[in-house]
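Listed here are the chains, written in short residue letters.
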Amino acid sequence: MTSVHHATSLRRAPVQRRSAERLTRILDACADLLDEVGYDALSTRAVALRAGVPIGSVYRFFGNKRAMADALAQRNLERYTERVKERLKQRLEERATGTAEGPAAGSADDSAGGGWRVAMDAVLDEYLEMKRTAPGFSLVDFGNQIPLGARHAGPNHRVADRLIHLLSGHLRREPDDDLRRVFLVAVETADTLVQLAFRVDPQGDEKIIEEARQLLRAYLGRVLD
């Protein structure tokens, strides 16, 4: 069972395995229903029915559907973090054995500190994968879009901080205010361009995604190379 992060939106954190499993079912049901009916039509009663739990179990954890969506967004960020770690591990192993596509390990790209590009590709590719496949992610992602129709900066600050921590081993400098600002700009830029790519094509327009990738590499290269 995938653990559930104790999001700040929870009224009560689960302390027993049974409660944690019930919370997981509630959030899974919430994600599925977001894809099926959207945020406006989402209700705590429908989530309880889909999850197979009493309505009181939903209210034990959440006061309303906004709190439930916030918790789902937090879980998305935790899952994203773990999946990026796995993707990074796999790509670094591939480079070490010479089986990766692109510049080989020990190449000029690596010696110039370019290993961050491999890491950044993993970060972007995992976000795209979740955008395409994770239930409810296209509506909620990391919380930027709650309530729907308005973009909020707070979640991108959390994402930028998380990425600096994740990529610390691939950077040639210690995190400081300047680096945090650069990562925040990169995250905001990627967010905007990915949203555009998925408006143009439900699966993400590949040409726009490639433009975003090249833009991020050029922008971050000023600081990280």
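Residues numbered from 1 in each chain as written. Predicted model: local features only at pLDDT ≥ 70, side-chain atom pairs only at ≥ 80, totals over all residues. Heavy atoms only, no water.

Draft legend 1. Representation of the nonpolar core in the model. If you look at the biggest cluster of nonpolar residues, it comprises 39 residues, and the most contacted ones within it are Tyr80, Leu163, Leu167 and Phe183. Among the elements of the structure, α4 (65-97), α6 (115-133), α8 (154-166), α9 (177-200) and α10 (206-224) are those that each provide at least two residues to this core. In terms of residue count, α9 provides more of this core than any other element does, ten residues in total. Among residues more than four places away in sequence, those in contact with tyrosine 80 are Val123, Glu126, Tyr127, Met130, Phe142 and Leu163. (Core = buried A, V, L, I, M, F, W, Y, C linked by side-chain atoms within 4.5 Å. Buried < 20%, exposed > 50% of the residue type's maximum accessible area, 1.4 Å probe, protein only. Helix = DSSP H or I, 4+ residues; strand = E, 2+ residues; numbered from the N terminus. Contact = heavy atoms within 4.5 Å.)

Draft legend 2. Local environment of the confidence of the model for the protein chain. When pLDDT is averaged along the protein chain, the result is 85, and 84% of the positions lie at 70 or above. The least confident element of the protein chain is helix α5 (residues 108-111), whose mean pLDDT is 42; the most confident is helix α2 (residues 44-51), at 97. This stretch, residues 1-6, has a pLDDT under 50; its non-local contacts, to residues over four places away or in other chains, come to 15 contacts. Here residues 103-113 scores under 50 on pLDDT; set against residues more than four positions off or in separate chains, the count is 19 contacts. (pLDDT = per-residue confidence, 0-100.)

Draft legend 3. Structural detail: the packing of aromatic side chains. As enumerated under the stated definition, the model contains six aromatic pairs in all. Ring plane angle 90° and centroid distance 6.5 Å describe the contact between tyrosine 80 and tyrosine 127, whose orientation is recorded as edge-to-face. Residue tyrosine 80 is found in helix α4, and its partner tyrosine 127 is found in helix α6; the two are separated by 47 residues along the sequence. Across this residue pair, the class does not change: tyrosine 80 and tyrosine 127 are buried. Ring geometry for tyrosine 127 against phenylalanine 142: centres 5.8 Å apart, planes inclined by 45°, an arrangement best described as tilted. Here tyrosine 127, found in helix α6, pairs with phenylalanine 142, found in the loop between α7 (137-140) and α8; they are 15 residues apart in sequence, far enough to count as distant. An identical accessibility class is assigned to tyrosine 127 and phenylalanine 142; each is buried. Clustering of aromatic rings is evident, with ring pairs tying together Tyr80, Tyr127, Phe137 and Phe142. Lying across the ring of tyrosine 39, lysine 65 places its NZ or CZ 4.6 Å from the centre. Sitting above the plane of the phenylalanine 198 ring, lysine 131 keeps its charged end 5.6 Å from the centroid. (Phe/Tyr/Trp six-rings, centres within 6.5 Å; stacked < 30°, edge-to-face > 60°. Lys NZ or Arg CZ within 6 Å of the ring centre and 35° of its normal.)

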